[in-house]
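Each chain, written out:
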Amino acid sequence: MKLVVDRLSFGYPHGEQLLKEVSFSAQNGELISLLGPNGTGKTTLFRCILGQLRATGEILLDGEPLATLSPRALAGKVAYIPQSHSPAFSYPVEEMILMGAAAGLKWFQQPGKAERAKLEEVIDSLGLEPLRNRAFDTLSGGEQQLVMMARAMMTDARVWLLDEPAANLDYGNQTRLLLLLQQLAEKGYLLIQSTHSPQQAALYSSRVLALADGKLAGDGEPAKVLDADLIQTLYGLNVKVCDIPSGGREVRVFLPDLSK
């Protein structure tokens, strides 16, 4: 599956251009970190891909313009996982996950044996059995993220857009979640996560996209793209970049230059 964003631009009437001729292509098997300061267009890019904003340029999925798809059809191809979740009602975890199957059902059709079997498979794969009867709003932030990912797995969507999935999680849950994203990419998903952490991007991502002032400021493997100049461009911060050996590979570390 291949996602192509071609010369994408967006701005509100009489307002600032939030995206300016952004172009990139991505395919399944990639875990991409979308970096950039607040207000640079990360969420806007996601909303354009999801069809919530009408932009100029083109967005294609396997050669098919996403703009021609109905919201229901798009939901079966692209899943969105927001940073926070506040359901109007306190659904059990099992029901929250099963809601993901709705995109593949006809109107008013109830989940059948196939959907129930897939539910069990997803719950088992993410280790959610102890939580299945818990109310969603009683879960921790990390547990809620896992449930939302399980719901996305109930769809046929192989492209996931994740809005800062590790934000507000403790270090342990951040690490477990990002390792899970790596595993999903290895299984053939295309995952694009927005993040404010260059360190997370360097450790876990196969690729980095960097947005600055609505333009693409960097695109490539973390070891090639993430350097002191890019961090200065994105965040106005002087850093020292160190590569240290860990687990048989070089890991890039960013240290604020406190002498400045």
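Residues numbered from 1 in each chain as written. Predicted model: local features only at pLDDT ≥ 70, side-chain atom pairs only at ≥ 80, totals over all residues. Heavy atoms only, no water.

**Description of the overall build of the protein chain**
Within the protein chain, the secondary structure is distributed over 9 helices and 12 strands. At 19 Å, the protein chain has a C-alpha radius of gyration in line with the 18 Å of a compact globule built from 260 residues. The C-alpha extent of the protein chain, read off along each of the three principal axes, is 60 × 45 × 30 Å. By residue count, 45% of the 260 residues in the protein chain fall in the buried class. Look at the contacts in the protein chain between residues 6 or more apart in sequence, and 66% of them connect residues 24 or more apart. Of the roughly 13300 Å² of accessible surface on the protein chain, 51% is carried by carbon and sulfur atoms. Computed over 25 positive and 29 negative side-chain charges, the separation of the two mean positions in the protein chain equals 3 Å. (Helix = DSSP H or I, 4+ residues; strand = E, 2+ residues; numbered from the N terminus. Rg over C-alpha atoms; globule rule 2.2 N^0.38 Å. Buried < 20%, exposed > 50% of the residue type's maximum accessible area, 1.4 Å probe, protein only. Contact = heavy atoms within 4.5 Å. Areas by Shrake-Rupley, 256 points an atom, 1.4 Å probe, with all protein chains shown as cover. Lys, Arg positive; Asp, Glu negative; His and termini not counted. Charge placed at Lys NZ, Arg CZ, Asp CG, Glu CD.)

**Regarding the sheet that holds strand E1 (residues 2-11)**
The strand order across the open sheet formed by 4 strands is E2-E1-E4-E5, and the pairing between neighbours is antiparallel. The open sheet has two free edges, formed respectively by strand E2 (17-27) and strand E5 (64-65), since each of these has just one partner strand. For strand E4 (residues 56-61) and E5, the ladder comprises 2 bridges, and the chain directions are antiparallel. Each bridged residue has a counterpart across the sheet, and for Leu 61 the counterpart in E5 is Glu 64. Along the sheet, helix H1 (residues 42-49) contacts E1, E2 and E4; its crossing angle with E1, the most-contacted strand, is approximately 115 degrees. (Pairing = 2+ DSSP bridges. Axes fitted to C-alpha atoms, helices over the stretch in contact; angles between N-to-C directions.)

**Describing the environment of Arg 158**
Locating Arg 158 in the fold gives a position in the loop between helix H5 (141-153) and strand E7 (159-163). The class for Arg 158 is partly exposed, based on a relative accessible area of 29%. The contacts of Arg 158, once residues within four sequence positions are left out, are Met 1, Lys 77, Lys 187, Gly 188, Tyr 189 and Leu 190. In this structure the side chain of Arg 158 is engaged in a polar contact, spanning 3.1 Å, whose partner is the backbone oxygen of Lys 187. (Polar contact = N/O pair within 3.5 Å; in protein donor to acceptor, adjacent residues only side chain to side chain.)

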